[in-house]
Structures are given as structure tokens and as C-alpha cells.
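Below are the chains, spelled out letter by letter.
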Amino acid sequence: RRWWFSLSGAVVVFAKYPDCVEEGTVLRHAGAHAVFVDVTAFASRGCWQDRCESSDKFDARDRGVCALACGHIDECTHWAYGVQDGSAKCFLRKSDAGREAAEGWQAGSRDCVPAEVSDAVQAFYAAELPVLRACDAGKSAACPDIVRAILTWKFAIAHLARAGEEAFDANAMKYVAQIQSDA
């Protein structure tokens, strides 16, 4: 769906996701356009120098994750999604400079995002992921990456806490806060 607005005779077109995604475009860092922030809420792999606590990129399952990450990071104004070194990557940028044509890449502004999923739904689905459930008994052949499981669990708890602010009473929120501090 697209919307057209006339401002002083000029026509401005706003496109809704996914129509706002630019196909065949990558936004390169180029030494000036990257946003180095803590992306551990969105990823645990594929970060710059393997440091997700300060990175401008991360492995992302799809472009929607990339777009939502940019939308949640104040410094991010644009994002790009595509394959780099065999992994699907999300690049976070502070401008749309560094623009290059690149087959298989997609880019958008921070306003080009899919509809938000509620915190309650995110908490539920994250906590029920089979790869997380496999780690209930700790590290094993079924759970080879305990750090990833811990980060996923923290993600689920953070979303549960946000959902609970509107739905839980003070006593229930004390339990959620205790779980958060123990994690």
C-alpha cells in the first residue's frame, strides 16, 4: 500500500513495508556510516570482530529482523540486509550514504519496518523455541551453543517484563523482576 501527499504542490510518496524496501541496494560502512551499538538484543553471531556489544552488523534470519532492529536503535536511520561471507547479515547505518548497487541486497530507512509484534507474543514464541527448550538441561549435544540459549532466554524475559507492565499486578511483576535479575 502506498500513500501520496501533496505538500506545496510537490508529491511525496510513502510506501508501507515491504513496498518501501529497496531491492538491489547495500549501504556500506565506508569508514563513516556505521552505527556501532549493543546488538545483543537482536543477535549473538556475525557481529563485527565477534563483539555484539559494539557492532554495526549481525547475522539476521530475515530483513524484517534487520528493519525492526534499526527501528529500535536511536542512532540508526537506515538498514541493509543481504549475504556477506556466506551469512545473511544486517547492517545498521546512520545515513543512506555508502549506497551501492548489489544483487541480493535490500535496504530501507528506519521507518521501513514490518508491523510490530506485541511483547507478549515475542516472549511466548522465544521461550517456546525448540532450540531453547533443548537447552533446559544445560549444554549437551542437543544444546551446543549455551550462550545463544542464554541470550534468547534474556530476550524472552525482557519482552515478558515489558508485556507485564500493562497486564500484571505488582506482585507478579516482582517475580518477573527476580527472574530478570537471576538471568
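I will try to describe carefully the structure that is included in this document. (Residues numbered from 1 in each chain as written. Predicted model: local features only at pLDDT ≥ 70, side-chain atom pairs only at ≥ 80, totals over all residues. Heavy atoms only, no water.)

1. What to know about the sheet that holds strand 3 (residues 22-27)
Strand order in the open sheet formed by five strands is 3-7-5-6-4, with antiparallel pairing between adjacent strands. On the outer flanks of this sheet lie strand 3 and strand 4 (57-59), each paired with one strand and no other. Put simply, the sheet's adjacent strands are angled 45 degrees from each other on average, direction ignored. Of the pairings in the sheet, the one linking strand 4 to strand 6 (residues 87-93) comprises three bridges and is antiparallel in character. Counted as the bridge partner of K57 is F91 from strand 6. Along the sheet, helix 1 (residues 63-72) makes contact with strand 3, strand 4, strand 5 (78-84), strand 6 and strand 7 (99-109), crossing strand 5 at roughly 150 degrees. (Pairing = 2+ DSSP bridges. Helix = DSSP H or I, 4+ residues; strand = E, 2+ residues; numbered from the N terminus. Axes fitted to C-alpha atoms, helices over the stretch in contact; angles between N-to-C directions. Contact = heavy atoms within 4.5 Å.)

2. Some details on unusual backbone geometry
The omega torsion of the bond from Y17 to P18 falls at 5 degrees, within 30 degrees of zero and hence cis. The phi dihedral of Q49 is positive, around 50 degrees, even though this residue is not glycine. Structurally, Q49 can be placed in the loop between strand 3 and strand 4. Of note, D50 is a non-glycine position whose phi angle comes to about 55 degrees, a positive value. Tracing the chain through its elements places D50 in the loop between strand 3 and strand 4. Look at D50 and you get exposed, because its relative accessible area is 71%. (Buried < 20%, exposed > 50% of the residue type's maximum accessible area, 1.4 Å probe, protein only.)

3. Some words on the environment of A167
By the element assignment, A167 lies in helix 4 (residues 146-167). When the C-alpha positions of A167 and I73 are compared, they lie 25 Å apart, and in sequence the two are 94 residues distant.

4. Here's the deal with helix 1
Taken as a whole, helix 1 has its buried residues at R63, G64, C66, A67, A69 and C70. In this fold, the buried residues of helix 1 make contact with strand 3, strand 4, strand 5, strand 6 and strand 7. Among the residues of helix 1, the N-terminal cap falls to D62, whose side-chain oxygen and the backbone nitrogen of G64 are separated by 2.9 Å. (Polar contact = N/O pair within 3.5 Å; in protein donor to acceptor, adjacent residues only side chain to side chain.)

5. Observations concerning the state of the cysteines
According to the stated counting rule, one finds five disulfides in the structure shown. What pairs with C20 in a disulfide is C112, and their sulfur atoms sit 2.0 Å apart. In this structure the cystine formed by C20 and C112 twists about its S-S bond by roughly 85 degrees; its chirality is therefore right-handed. Here C20 is found in the loop between strand 2 (10-15) and strand 3, whereas its partner C112 is found in the loop between strand 7 and helix 2 (119-127), with 92 residues between them in sequence. One exposure class covers both C20 and C112, and it is buried. With its disulfide-bonded cysteines labelled consecutively along the sequence, the protein chain is connected as 1-8, 2-3, 4-7, 5-6, 9-10. (Disulfide = S-S within 2.5 Å.)

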